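# Fold and geometry: a report
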Amino acid sequence: RDRSPSRGLGDVYKRQMNSSSIFRKFRNVGYTLPESLAELADNSITHNAKNIWIYMYWADDSGKDSFVMVVDDGDGMDEKTLLEKALTLPKEDHIDQGDHDLSMFGLGLKTGSFQHCTSITAITKKNNTLTKKTLNFNKVTDEMPSCINHKFIQKHLKAFEQQKSGTVIIWSDLDNISKLRASDRPSNFYTDYDNARLHFKLTYHKYLLEKDVNIFFGGGEDINKTRSFDPFYKKDNETIKLENVEISFQNGGTTILKPWIIPQDTQIEKLGRNKNDLQGLYFFRKKRLIHSGGWFGISEKDTEKYWGSTDKFNRLRIEIELPEENPKDWMSSFSKNKIAIPDYAKNRIRKHLNQIRKDYLEKIGEMREDRKEPISEELQKKKELIRMINNTNLSKEEMQKIEASLKDMK
């Protein structure tokens, strides 16, 4: 098959040449490795993938031929879509395509990837047509990176070619990863890998719980599958659901606060964070978690008192869905991993959070009272008698005689 760009795509290459400096600036967005990998997973879910496989390979001490590879079995892309959308700056704002569209700005693949590498290779299959392209800072090329010949990649590419459709993304020339503490980098590299597992476990927990997608790290066996986990413990008998609160904002759009009091004993959640840090607000867009935990500096109005992560509220977790009408208002950047509550929403949210926290403390107080050991009528009378006696001027010997008598009454 002729892989040269079809007529009408020449302007795409011109735009690529003009985008070089912008792509380089993407390197300063501040993505962590787990967040960058999540951008690739977002694309896979948007294209209806049922399985996502994530692989990371450290080649040698310098990391020269190391790579990261993400494979999915989604719809794949034709050459036009790959060149005009995936591997270039979009000419127009992204148009939301529905419930499974996790893209927002149309930049995730580039911003997330260039944070860590200088070369992005996309191999995609749609309608039995396989298309391969590599995006460097200044051009799209048919040339494949040297790591493409690695036996591990070759093995998976052969299996991929048997799929009906899907996409493979390969990061090569991992300069921003390999240059950091090179002598210790192999172990740190795989620590980042483990952190990505934890990040995905929380970020995509609704997809995993509903079995919408399977996410694998390091292999395709059951042992490699990311386990489902619910940070709100909705099916736990000890979980308490507080009343939902719907909020409408003056500039349009609504959201719902869904507060949960999680069980006191949740053991170790194995999310790389402690229970105090996991209390607070959980922002979602569709079913994808954008931010987990914290109170965003919201406090009682006109005071300098800010809510921190303390034991007092460490069982309170609140779901918030970004308004469908204007989700971009809530993003501090186009990285889709940072929330900035807009000024027009802060007062409304503050008011209801104050009430939710009061309801939480009241419910916790009731639970503590309920757990106290019941006192029989006879024991209550004895305690009352002792209290009255203690308030009189009895000698020590007299008190001892009375206490001995009370013991004999048991």
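Before reading on, note that the structure itself is shown above.
A brief report on the enclosed structure follows. In this numbering scheme, every chain counts its residues from 1 along its sequence in written order. Thresholds applied to this predicted model are a pLDDT of at least 70 for local features of residues and 80 or more for the giving and counting of side-chain atom pairs; totals over whole chains, interfaces and linings are not thresholded and use all residues. As a rule here, side-chain values cover all heavy atoms of the structure and leave hydrogens and water aside.

## Quick notes on the pattern of salt bridges
Stated formally: Any Lys or Arg side-chain nitrogen found within 4 Å of a carboxyl oxygen on Asp or Glu counts as a salt bridge. Where helices and strands are cited, they refer to DSSP runs of H or I of at least four residues and of E of at least two residues respectively, numbered from the N terminus. Three labels apply to residues, based on accessible area from a 1.4 Å probe with only protein chains included: buried if under 20% of the type maximum, exposed if over 50%, partly exposed otherwise in between.
Per the counting criterion, the structure on display carries 15 salt bridges. In this structure, Lys-287 and Asp-212 form a salt bridge, with 2.2 Å as the shortest nitrogen-oxygen distance. One end of the pair, Lys-287, is in the loop between strand 11 (280–285) and strand 12 (288–292); the other, Asp-212, is in the loop between helix 9 (205–209) and strand 7 (214–217), with 75 residues separating them in the sequence. Across the pair Glu-269 and Arg-317 runs a salt bridge, and its minimum N-O distance is 2.7 Å. Residue Glu-269 is found in the loop between strand 10 (254–261) and strand 11, and its partner Arg-317 is found in strand 13 (residues 316–321); the two are separated by 48 residues along the sequence. Of the two residues, Glu-269 and Arg-317, both sit in the buried class.

## Section: the packing of aromatic side chains
The test is simple: Any pair of Phe, Tyr and Trp rings, taking the six-membered ring for Trp, is counted once the centres come within 6.5 Å. Such a pair is stacked with planes under 30 degrees apart, edge-to-face with planes over 60 apart, and tilted for the rest.
Tallied over the full model, the rule gives 17 aromatic pairs. When the ring of Tyr-57 is compared with that of Phe-67, the centres are 5.3 Å apart and the planes differ by 20°; the resulting orientation is stacked. Here the residue Tyr-57 occupies a position in strand 1 (residues 51–57), and Phe-67 occupies one in strand 2 (residues 67–72), the gap between them amounting to ten residues. When its relative accessible area of 0% is taken as the criterion, Phe-67 is described as buried. Both rings, one in Phe-249 and one in Tyr-344, keep their centres 6.0 Å apart while their planes meet at 70°; by these two values the pair is edge-to-face. One end of the pair, Phe-249, is in the loop between strand 9 (245–248) and strand 10; the other, Tyr-344, is in helix 10 (residues 343–370), and 95 residues separate them in sequence. On the basis of relative accessibility, which here comes to 30%, the residue Tyr-344 falls in the partly exposed class.

## Some thoughts on helix 6 (residues 151–161)
Here is the rule: Here, the arc refers to the directions that run from the helix axis to the C-beta atoms. In what follows, residue pairs with any heavy atoms lying within 4.5 Å of each other are defined as contacts.
Of the residues making up helix 6, those classed as buried are Ile-153, His-156, Leu-157 and Phe-160. Viewed end-on, helix 6 has its buried residues packed into an arc of 105°, placing them on one side of the element. The exposed set on the far side of helix 6, more than 90 degrees from its buried face, consists of Lys-151, Lys-155 and Lys-158. As for helix 6, its buried residues are in contact with strand 1, strand 2, strand 3 (119–126), strand 4 (129–135) and strand 6 (166–172).

## Some words on the pairing of strand 1
Selection criterion: Strand pairing is assigned whenever DSSP identifies at least 2 bridges connecting the two strands.
Extensive coverage of strand 1 is indicated by the burial of six of its seven residues. By the bridge criterion, four bridges tie strand 1 to strand 7 in an arrangement that is parallel. In the strand pairing of strand 7, Ile-54 is matched with Phe-217.

## Quick notes on the pairing of strand 3
Summarising burial for strand 3: seven of the eight residues are buried, a large majority. With seven bridges joining them, strand 3 and strand 6 adopt antiparallel strand pairing. Bridging across to strand 6, Ala-122 finds its partner in Ile-169. Here seven bridges tie strand 3 to strand 4, and the two strands are oriented antiparallel to one another. By the bridge assignment for strand 4, Thr-124 is matched with Thr-131.

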